[in-house]
Amino acid sequence: MIQKLKQWLVGYTSEEKKPSDLTERGKALKQGPLPRHVAIIMDGNGRWAKKRGMPRIAGHRAGMKTVRQITRAADDLGIEALTLYSFSTENWKRPKDEVNYLMGLPEEFLRTDLDELVKRNIQVKMLGEEKDLPEHTLRALRQFKEATEENTGMVLSFALNYGSRTEILHALHQIIEDVKRGKLNKDHLDETDFERYLYTADLPEPDLMIRTSGEVRISNFMLWQLAYSELWFTDVQWPDFSQSMFYQAIEDFQHRSRRYGAV
Ligand code: FPP
């Protein structure tokens, strides 16, 4: 057990850090229509660990490796935005140790991955409510922002302390304020205006939403933004999700017919 734990809690090796090259399959994918924005509900870390007799945090640890792998795969394909659901407003109900571990992941990711993200010209963002996040987590997120805000490549967003209903309510409160101040005319408020008040204001809508681990629901994730997204589900748990499965999701996306309500 101790040995197994060690195996999962050790730091990343340089081998794991090596950027992935675009395979023939990746090159073929680039010929077809690519989603501009892929949003992912990374689910199944806890069950993945439990199946192996390990604590839940070992699942999150393994999930971080998948984060790195899928970030590289998305970036290599030339996808504009990748959003990862990392901590929901409901996740505070989890055991304290697990919450603490998850709150330490941005610092860890900063330490292990910032150099590569900068080299890749990736911009890192956070979507969610900053209030309630511990200072050390906010500090890491600020460092990510400062180090990458001039980058012009893929936008990698971590949805942290994110809940879509909270996001919509937050937008509504700001809209009411702006109407009161005369900055916005309520009679002309349209969908485009509303979107400017969401955390995702600067992002295109997700064309593709992936959820791992066999659950087939949205779980308070981007309820407004997913209105016309293609949804793709797999039984595979997040730590086992791979570049090849990511390609599969995009291949399937390329075979979908998107009609946006038209015929
Ligand atoms: C869901 O699995 C996963 C999470 C709640 C957290 C996932 C976060 C990461 C993989 C890393 C995020 C990285 C940064 C830098 C913030 P679960 O625990 O709900 O799994 P279960 O449904 O099997 O219990």
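Residues numbered from 1 in each chain as written. Predicted model: local features only at pLDDT ≥ 70, side-chain atom pairs only at ≥ 80, totals over all residues. Heavy atoms only, no water.

(A) Up close: empty space enclosed by the protein. Tallying each qualifying case throughout the model produces one cavity of 30 Å³ or more. Empty space within the largest cavity amounts to approximately 50 Å³. Around the largest cavity, the lining residues are R68, T71, R72, F109, D113, E116, L117 and R120. Taken together, the elements giving at least two residues each to the lining of the largest cavity come down to α5 (56-77) and α6 (96-119). Of the residues that constitute the lining of the largest cavity, the class distribution is two nonpolar, one polar and five charged. (1 Å grid on protein atoms, 1.4 Å probe; cavity = no way out; pocket = protein on both sides within 12 Å on 5 of 7 lines; lining within 4 Å. Points joined across faces, edges and corners; volume = space filled by probe spheres on them. Helix = DSSP H or I, 4+ residues; strand = E, 2+ residues; numbered from the N terminus. Nonpolar A, V, L, I, M, F, W, Y, C, P; charged D, E, K, R; others polar.)

(B) Molecular detail of the site of the ligand. Surrounding the ligand, one finds 19 residues, the nearest of these being D43, G46, R47, R56 and R94. At a separation of 3.1 Å, an oxygen atom of the ligand approaches a polar backbone atom of N45. A distance of 2.8 Å is found between an oxygen atom of the ligand and a side-chain nitrogen or oxygen belonging to R56. In the complex, 92% of the free accessible area of the ligand, which totals 630 Å², lies under the protein chains. With respect to the pocket detection grid, the ligand is positioned in the largest pocket. Of the residues contributing to the shell around the ligand, the split by class is eight nonpolar, seven polar and four charged. (Near = heavy atom within 4 Å. Polar contact = N/O pair within 3.5 Å; in protein donor to acceptor, adjacent residues only side chain to side chain. Areas by Shrake-Rupley, 256 points an atom, 1.4 Å probe, with all protein chains shown as cover. Sits in = over half its atoms within 2 Å of the grid points.)

(C) Representation of the pairing of strand β3 (residues 123-127) within the structure. The buried fraction of β3 amounts to four of the five residues, a majority that puts the element mostly inside the structure. Of the pairings in the sheet, the one linking β3 to strand β4 (residues 155-162) comprises five bridges and is parallel in character. When the sheet's bridge partners are listed, K125 is paired in β4 with S157. In this fold, β3 hands off to helix α7 (residues 135-148), which returns the chain to β4; that crossover is left-handed. (Buried < 20%, exposed > 50% of the residue type's maximum accessible area, 1.4 Å probe, protein only. Pairing = 2+ DSSP bridges. Right-handed = clockwise from strand over helix to strand, strands pointing away.)

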